[in-house]
Amino acid sequence: MQAIQISKTGGPEVLELVDLPRPEPKSGEVLVKIEAAGVNFIDTYLREGRYPAPLPFIPGQEAAGIVAAVGEGVEGFHIGDRVAWAGTRGAYAQFACVPATGLLKVPEGIGADDAAAVMLQGITAHYLAYDTYAIKPGDTVLIHAGAGGVGLLLTQIAKMLGARVITTVSTEPKAELSRGAGADHVILYTQQNFADEVKRITDGDLLPVVYDSVGQTTFEDSLKCLRPRGLMALFGASSGAVPPFDLIRLSTMGSLYVTRPTMKDYILTRAELERRAADLFNWIARGKLNVRIGHRYPLAEASQAHRDLEGRKTTGKVLLIP
Ligand code: NDP
């Protein structure tokens, strides 16, 4: 099978197209023929070595496809089933073996592209809006990178929950997309100071929560957007990691909370994973959640996909098609 392999960490050029034997499912695993694999920021952290992984490895954390074989002891999955997953590495390939415990059936009517697109970013948007901070009707929330993969989904979910949504984006075309997802106020944070804008928009009331995936360049001003006892949900580092932080500042800035959530801790049980995925599939089927597939690249162009994601050139979901 064809796959993208990383044999040494580095820039996008280390993503190499190789021929490898098709994997065999071990006990408890399912072999999936991949139709669409998602590209996520975490793939770039692993590629660079910022998150360590034993070499060589096939990157990619999520995909959708068709069951091609089932390993010993697997119940509930059969050859031909349409499935999707997030959280098992090896998706930048024509086939991957996935533990059945992490695999979901894709309902009729949901395409492979949409299914792959909402595994990691959709489940993330879901847990951020329902659990990291439970959005209530009337809340005003700030979502950074509003035209990104998570940003567009989180904006729509926050609107469903009755929030007033402020987003940040870098360009006018991205602002247009963010408004299309329901954002009430879009700030061009490359041109305006977003903390000043948030203060103005909220008449100085500030916010109960900021969803910050950008990290280094936004963290300090994000804190300024929070009202006393507000929550900073720092869930990514697209611009780089936030430097060490003196906790006493949380006290002087208004008894603030900071959390650094990650998906695995919000899908602790099979039931929790299924509940979040079921909501997402349901909303897509009913036309309540619009999944924007911004970019589809052939598998061989994985390095270009990484360059574009890191270069702020993408909007919505980035997919690789094997
Ligand atoms: P996005 O589609 O949001 O892409 C990143 C966006 O961040 C860019 O398009 C850009 O939007 C913005 N950005 C701001 N500064 C920079 C910079 N210096 N370099 C690159 N991008 C920048 O990506 P995803 O939706 O895939 O992921 C968003 C973030 O969420 C990532 O940091 C990712 O690691 C994190 N994440 C965390 C999860 C978790 O469970 N904790 C799960 C999934 C994702 P603009 O041009 O508008 O500024």
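Residues numbered from 1 in each chain as written. Predicted model: local features only at pLDDT ≥ 70, side-chain atom pairs only at ≥ 80, totals over all residues. Heavy atoms only, no water.

K.L.:
Explain the domain arrangement of the protein to me, using residue names and the numbers behind them.
P.N.:
We note that the domain assignment places domain 1 (2–119 + 292–321) and domain 2 (122–263) within the protein. Once you take the C-alpha centre of each, domain 1 and domain 2 turn out to be 28 Å apart. Domain 1 puts 13 residues into the contact, and the matching count from domain 2 is 19 residues. Between domain 1 and domain 2 lies a buried interface of about 1100 Å² when both sides are counted; carbon and sulfur atoms form 55% of it. For the pair domain 1 and domain 2, the interface holds zero salt bridges. Where domain 1 packs against domain 2, one counts six residue pairs in polar contact (both at pLDDT 80 or more). (Domains from an automatic or database assignment. Contact = heavy atoms within 4.5 Å. Buried area = accessible area lost by both parts, 1.4 Å probe. Salt bridge = Lys/Arg side-chain N within 4 Å of Asp/Glu carboxyl O. Polar contact = N/O pair within 3.5 Å; in protein donor to acceptor, adjacent residues only side chain to side chain.)

K.L.:
Tell me about the packing of helix H2 (residues 112–132) against helix H8 (residues 270–285), and please be specific about residues and values.
P.N.:
It is the contact of H2 with H8, at a shortest axis distance of 9 Å, that shows an interaxial angle of 110°. With respect to their mutual orientation, H2 and H8 come out roughly perpendicular. Regarding H2 and H8, the two cross each other, and that crossing is right-handed. For the pair formed by H2 and H8, the contact residues are Asp114, Ala115, Val118, Met119, Gly122, Ile123, His126, Tyr127, Tyr130 and Asp131 on the first element and Leu273, Arg275, Arg276, Asp279, Leu280, Phe281, Trp283 and Ile284 on the second. Its residues assigned to classes, the contact of H2 with H8 shows 11 nonpolar, two polar and five charged. (Axes fitted to C-alpha atoms, helices over the stretch in contact; angles between N-to-C directions. Helix = DSSP H or I, 4+ residues; strand = E, 2+ residues; numbered from the N terminus. Parallel < 35°, antiparallel > 145°, perpendicular 65-115°, else oblique. Left-handed = near helix turned anticlockwise from the far one by under 90°. Nonpolar A, V, L, I, M, F, W, Y, C, P; charged D, E, K, R; others polar.)

K.L.:
Account for the packing of helix H1 (residues 41–48) against helix H9 (residues 302–310), naming residues and giving values.
P.N.:
Put simply, H1 and H9 touch, their axes get as near as 10 Å, and they point 110° apart. In terms of their interaxial angle, H1 and H9 are classed as roughly perpendicular. Side by side, H1 and H9 meet where Phe41, Asp43, Thr44, Arg47 and Glu48 of the first sit next to His306, Leu309 and Glu310 of the second. Here the residues of the contact of H1 with H9 are counted per class, giving two nonpolar, two polar and four charged.

K.L.:
Explain the site of the ligand to me, and be specific about the residues and the numbers.
P.N.:
Around the ligand, 29 residues are found, and the nearest of them are Tyr127, Ser170, Lys174, Tyr189 and Arg312. Here Gly149 contributes a backbone N or O atom positioned 2.8 Å from an oxygen atom of the ligand. In this structure, an oxygen atom belonging to the ligand sits 2.6 Å away from a side-chain N or O atom of Ser170. Notes on the ligand: free accessible area 910 Å², of which the protein chains cover 92%. Looking at the shell around the ligand, the elements that each hand over two or more residues are H1, H2, helix H3 (149–160) and H9. Ranked by the residues each element gives to the shell around the ligand, the list is headed by H2, at four residues. Among the residues forming the shell around the ligand, the class breakdown is 14 nonpolar, 11 polar and four charged. (Near = heavy atom within 4 Å. Areas by Shrake-Rupley, 256 points an atom, 1.4 Å probe, with all protein chains shown as cover.)

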